[in-house]
Amino acid sequence: MIISVASGKGGTGKTLISTSLALSLKDDYDVTLADCDVEEPNACIFLKPQIAGSEFVNTRVPVVEEEKCTFCGKCAKVCAFNAIAVFGNHVLTFPQLCHGCGACSYLCPETAITEEDRHIGVVEWGDAKGIKFVQGILTVGEAMAPPIIRQVKDHESGEGIIIRDAPPGTSCPVVETISDSDFCILLTEPTPFGLNDLMLAVETVRELSIPYGVIINRTGAGDAGVEDYCEKEKIPVLMRIPLDTEIARIYSRGIALVDAMPQWKSRFVELYKEIKEMADERTGSIKR
Ligand code: SF4
Ligand code: SF4
């Protein structure tokens, strides 16, 4: 079962939820924590994994041999990402924009374009207190998160429960992370910003037909907008975490919620049971 933890904005507590869920389930289930927030992976701070292996993530980018080039401009025309341009008697490439689709080299009439590997990040894996752990790290200055997320997913265990910590927002890296999930937890906070970003996240999971529910973090602050929206849209609120200086303090010290406050563990176990029921119901209704 794959459970993704996502949110329309950063700083809502995705990692607090994903690490606490993993730690609460690890004694009874085979659990993998996949940190797909590759621009800022921080589940490792809370789980302190022993890293057992790593590998580079590369994409293929074009290299132009100008001696062969007639500067016809076909490569620039076909590139949907403006990653290659022809100016007079020069061809410029912008590797950070390149999606590695290969269209330019395929269409070049002079076979003037070859490809080379470009290193954009790394994937690491290991063990964290009995939890299988995998994370992707995008090299600073690089922009292409999806290839790293795909490689993180390749290293997930094929069995048990996989918990993915998704990047914030609703763009391509989020879609890459959650698209094959059995369930998506959407984190939010009870503020107008939180509501706005939750609505965008709900649109995304609905578009992808993924069952989902909401966790509201820092309840007691802000307003009732998120609660009203969930009620109106019949979206299940799976958990509420209060605005609590003790929770904020342990989080800022890199301690997982359930490690510092074990009384939360049973609530995360119950959360998983509720999620499983909803995901199973959905699978059953699709089969019927
Ligand atoms: S398609 Fe090939 S020949 Fe034409 S401008 Fe690009 S590299 Fe040069
Ligand atoms: S490989 Fe694709 S994305 Fe990259 S420069 Fe060529 S056409 Fe553009």
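Residues numbered from 1 in each chain as written. Chains lettered and ligands numbered in written order. Predicted model: local features only at pLDDT ≥ 70, side-chain atom pairs only at ≥ 80, totals over all residues. Heavy atoms only, no water.

Visitor: Account for the overall build of the protein chain, naming residues and giving values.
Guide: Looking only at helices and strands, one finds 11 helices and 11 strands in the protein chain. Its C-alpha atoms give the protein chain principal-axis dimensions of roughly 70 × 45 × 45 Å. Relative to its full complement of 288 residues, the protein chain shows a buried share of 48%. Restricting the contact set of the protein chain to residue pairs at least 6 apart, pairs at least 24 apart contribute 73%. On the protein chain, roughly 14,000 Å² of surface is accessible, and the fraction owed to carbon and sulfur atoms is 52%. Of the side-chain charges in the protein chain, 28 are positive and 42 negative, and the distance between the mean point of each set is 3 Å. (Helix = DSSP H or I, 4+ residues; strand = E, 2+ residues; numbered from the N terminus. Buried < 20%, exposed > 50% of the residue type's maximum accessible area, 1.4 Å probe, protein only. Contact = heavy atoms within 4.5 Å. Areas by Shrake-Rupley, 256 points an atom, 1.4 Å probe, with all protein chains shown as cover. Lys, Arg positive; Asp, Glu negative; His and termini not counted. Charge placed at Lys NZ, Arg CZ, Asp CG, Glu CD.)

Visitor: Now, about the site of ligand 1: what can you tell me, with residues and values included?
Guide: Taken together, 13 residues are adjacent to ligand 1, and Cys 69, Cys 72, Gly 73, Cys 75 and Cys 108 come closest. The cavity where ligand 1 resides is the second largest cavity. Of the residues contributing to the shell around ligand 1, the split by class is nine nonpolar, two polar and two charged. (Near = heavy atom within 4 Å. 1 Å grid on protein atoms, 1.4 Å probe; cavity = no way out; pocket = protein on both sides within 12 Å on 5 of 7 lines; lining within 4 Å. Sits in = over half its atoms within 2 Å of the grid points. Nonpolar A, V, L, I, M, F, W, Y, C, P; charged D, E, K, R; others polar.)

Visitor: Run through helix α8 (residues 225-232), naming residues and quoting values.
Guide: Within α8, the full set of buried residues consists of Gly 225, Val 226, Tyr 229 and Cys 230. Viewed end-on, α8 has its buried residues packed into an arc of 130°, placing them on one side of the element. Exposed side chains of α8 directed beyond 90 degrees from the buried face belong to Glu 231 and Lys 232. As for α8, its buried residues are in contact with β9 (183-188), α7 (192-207), β10 (212-219) and β11 (237-242). (Arc of directions from axis to C-beta.)

Visitor: Can you tell me about the packing of aromatic side chains, naming the residues and giving the values?
Guide: Taken as a whole and assessed by the stated rule, the structure comprises three aromatic pairs. Look at Trp 264 and Phe 268: their rings are 6.4 Å apart centre to centre, the planes differ by 50°, and that puts the pair in the tilted class. Both residues of the pair, Trp 264 and Phe 268, belong to the buried class. Here the basic side chain of Arg 267 rests over the ring of Trp 264, its NZ or CZ set 4.0 Å away from the ring centre. (Phe/Tyr/Trp six-rings, centres within 6.5 Å; stacked < 30°, edge-to-face > 60°. Lys NZ or Arg CZ within 6 Å of the ring centre and 35° of its normal.)

Visitor: I'd like to hear about α7, residue by residue, with values.
Guide: Look at α7: 23 Å from first C-alpha to last across 16 residues, which is about the 22 Å you get at 1.5 Å a residue. Within α7, the full set of buried residues consists of Gly 194, Leu 195, Asp 197, Leu 198, Ala 201, Val 202, Thr 204 and Val 205. Check the buried side of α7 and you find it contacts α6 (172-178), β9, β10 and α8. Just beyond α7, the residue with positive phi is Ser 209, at close to 55°. (Expected span 1.5 Å × (residues − 1).)

Visitor: How would you explain the nonpolar core if you had to name every residue and give the values?
Guide: Membership of the largest hydrophobic core comes to 36 residues, with the highest contact counts inside it found for Ile 17, Leu 21, Ile 185, Ile 215, Trp 264, Phe 268 and Leu 271. If sequence neighbours within four positions are ignored, Ile 17 has contacts with Val 5, Ile 185, Leu 187, Ile 215, Ile 241 and Phe 268. Within the second largest apolar cluster, 19 residues are counted, among which are Val 174, Ile 178, Leu 198 and Val 214. (Core = buried A, V, L, I, M, F, W, Y, C linked by side-chain atoms within 4.5 Å.)

Visitor: Report on the layout of surface pockets, specifying residues and quantitative values.
Guide: Of the voids in this model, the largest pocket is the one considered here, and its volume is about 480 Å³. Taken together, 27 residues form the lining of the largest pocket, with Gly 10, Gly 11, Thr 12, Gly 13 and Tyr 251 sitting closest to its centre. The set of elements that each furnish at least two residues to the lining of the largest pocket consists of α1 (14-25), β10 and α9 (245-252). For the lining of the largest pocket, a count of residues per class yields 12 nonpolar, eight polar and seven charged. Lining the second largest pocket we find 14 residues, and of these His 99, Met 144, Pro 146, Pro 147 and Arg 150 sit closest to its centre. Taken together, the elements giving at least two residues each to the lining of the second largest pocket come down to β3 (50-64), α5 (146-154) and α6. Its residues assigned to classes, the lining of the second largest pocket comprises seven nonpolar, five polar and two charged. (Points joined across faces, edges and corners; volume = space filled by probe spheres on them.)

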